[in-house]
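# Observations on the three-dimensional arrangement
What follows is the residue order along each chain.
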Amino acid sequence: MAGRIRTIQRGGSRWYVDPDTAVKYPGVTSIISMLPKPFLTHWAARMAAETAVNSLSAVATIAERDPEGAIDYVRNAHIRYTKIRAKVGSDAHDMFERMLRLEEIGRVHPDLEPYRLGFADFLTAVRPEMVRAEDIAWSDTHEYAGSFDALIRVWLGEDGKPTPDRSGTPHLLMVDWKTSKSTYPDVALQLAAYANADRIISPDGTSEPMPEIDGAAVLHITGQDWSFKPVRIDEEVFGVFLTLRRVFEWDRTISKTVIGRAIAKSVRRLVTGTERRAG
């Protein structure tokens, strides 16, 4: 591959496109979205209810002149929250990458300062070595792709904990930064997909084989604290991801081909008694 990989949105999913061959693979996060998440319905409903209660007078004022607008304001509370959190997360990820590359970080927005302090503390406590960051994991074998946060080398002692003086054994880890309220199990599917890809593709389009990965971890960093946790990416976990890859194929392609055109149907529509009397 010589051209730069680009991404497109199709049918609510992200696709990675090789400009030289026009090969198009779905993104890892889009594949993982095939997981059922019924709790999101309850979460969205609670967000709407909290907005209605906490902004009662404002909602009433809007409703007086624009009832539909008031409904939309309450109904879309979870979307507004998600957009705000996504912006903070995106800015934090950009900052983490620059800090991992040992770039000088000047003053940051007050909303990001707690994350900057937390990540700086992580770098001191763990002292990782950056190997790759924000590159693309590409799988021709299973036809998927995705941009991973970082591939780092961490030195671990016999107890499995980091040795910042690098006296322990080096381990090459696929890692993900999470700034959400909690860490969730599907991060294992995400990291397993990246670690089991065939190649790593740089921003300029150059490609090299995925190195042998020793393990994976997630850095969960909030405005208050941080924690660095190991994550399973074994064959069982990767197998679940591959199952979701098949479900994605069903949802986007196969399901549209399984029902054919009618080979027999009525020649006229049945007219009910009610319709006859109305006529």
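The notes below deal with the structure included here. (Residues numbered from 1 in each chain as written. Predicted model: local features only at pLDDT ≥ 70, side-chain atom pairs only at ≥ 80, totals over all residues. Heavy atoms only, no water.)

### Things to note about the packing of aromatic side chains
If you walk through the whole model with that rule in mind, you get 12 aromatic pairs. Taking 6.2 Å as the distance between ring centres and 70 degrees as the angle between the ring planes, the aromatic pair formed by F122 and W177 counts as edge-to-face. One end of the pair, F122, is in helix α6 (residues 113–126); the other, W177, is in strand β8 (residues 169–178), and 55 residues separate them in sequence. A single burial state applies to F122 and to W177, both of which are buried. Between F238 and F241 the ring centres are 6.2 Å apart and the planes differ by 15 degrees, which places this aromatic pair in the stacked class. (Phe/Tyr/Trp six-rings, centres within 6.5 Å; stacked < 30°, edge-to-face > 60°. Helix = DSSP H or I, 4+ residues; strand = E, 2+ residues; numbered from the N terminus. Buried < 20%, exposed > 50% of the residue type's maximum accessible area, 1.4 Å probe, protein only.)

### So, unusual backbone geometry
Even without a glycine there, the phi angle at E134 is positive, about 55 degrees. One can find E134 in the loop between β4 (129–133) and β5 (136–139). For E134, a relative accessible area of 28% gives the class partly exposed. Unusually for a residue other than glycine, R166 sits at a positive phi of about 60 degrees.

### Quick word on the pattern of salt bridges
Taken as a whole, this structure holds 15 salt bridges when the rule is applied. Between R153 and E129 there is a salt bridge, and its shortest N-O distance comes to 3.1 Å. One end of the pair, R153, is in strand β7 (residues 150–156); the other, E129, is in strand β4, and 24 residues separate them in sequence. A relative accessible area of 31% places E129 in the partly exposed class. (Salt bridge = Lys/Arg side-chain N within 4 Å of Asp/Glu carboxyl O.)

### Re the pairing of strand β11 (residues 215–221)
Among the 7 residues in β11, 7 count as buried, and that is most of the element. Along β11, one buried face is formed by G215, A217, L219 and I221 and the opposite face, lined by A216, V218 and H220, is buried too. Pairing analysis gives 6 bridges linking β8 to β11, with the strands arranged parallel. Paired with M174 across the two strands is A216, which belongs to β11. Sheet topology note: the β11/strand β12 (residues 226–231) ladder contains 6 bridges and is antiparallel. Bridge pairing in β12 places L219 opposite F228. (Pairing = 2+ DSSP bridges.)

### Structural notes on a nonpolar patch on the surface
A contiguous nonpolar patch, built from W250, I254, V258 and I259 and spanning about 430 Å² of accessible area, is present on the exposed surface. Inspection of the secondary structure assignment puts V258 in the loop between α8 (235–252) and α9 (273–278). (Patch = residues over 30% accessible without salt bridge, like charges linked within 9 Å, V, L, I, M, F, W, Y side chains within 5 Å. Areas by Shrake-Rupley, 256 points an atom, 1.4 Å probe, with all protein chains shown as cover.)

### A look at the sheet that holds β5
Strand order in this open sheet of 4 strands is β6-β5-β9-β10, and the pairing throughout is antiparallel. This sheet does not close on itself; its edge strands, each paired only once, are β6 (144–147) and β10 (207–209). Along the sheet, successive strands turn relative to each other by an average axial angle of 25 degrees, direction set aside. Sheet analysis places β5 next to β6, joined by 4 bridges and oriented antiparallel. Following the sheet pairing, W138 is matched in β6 by A145. (Axes fitted to C-alpha atoms, helices over the stretch in contact; angles between N-to-C directions.)

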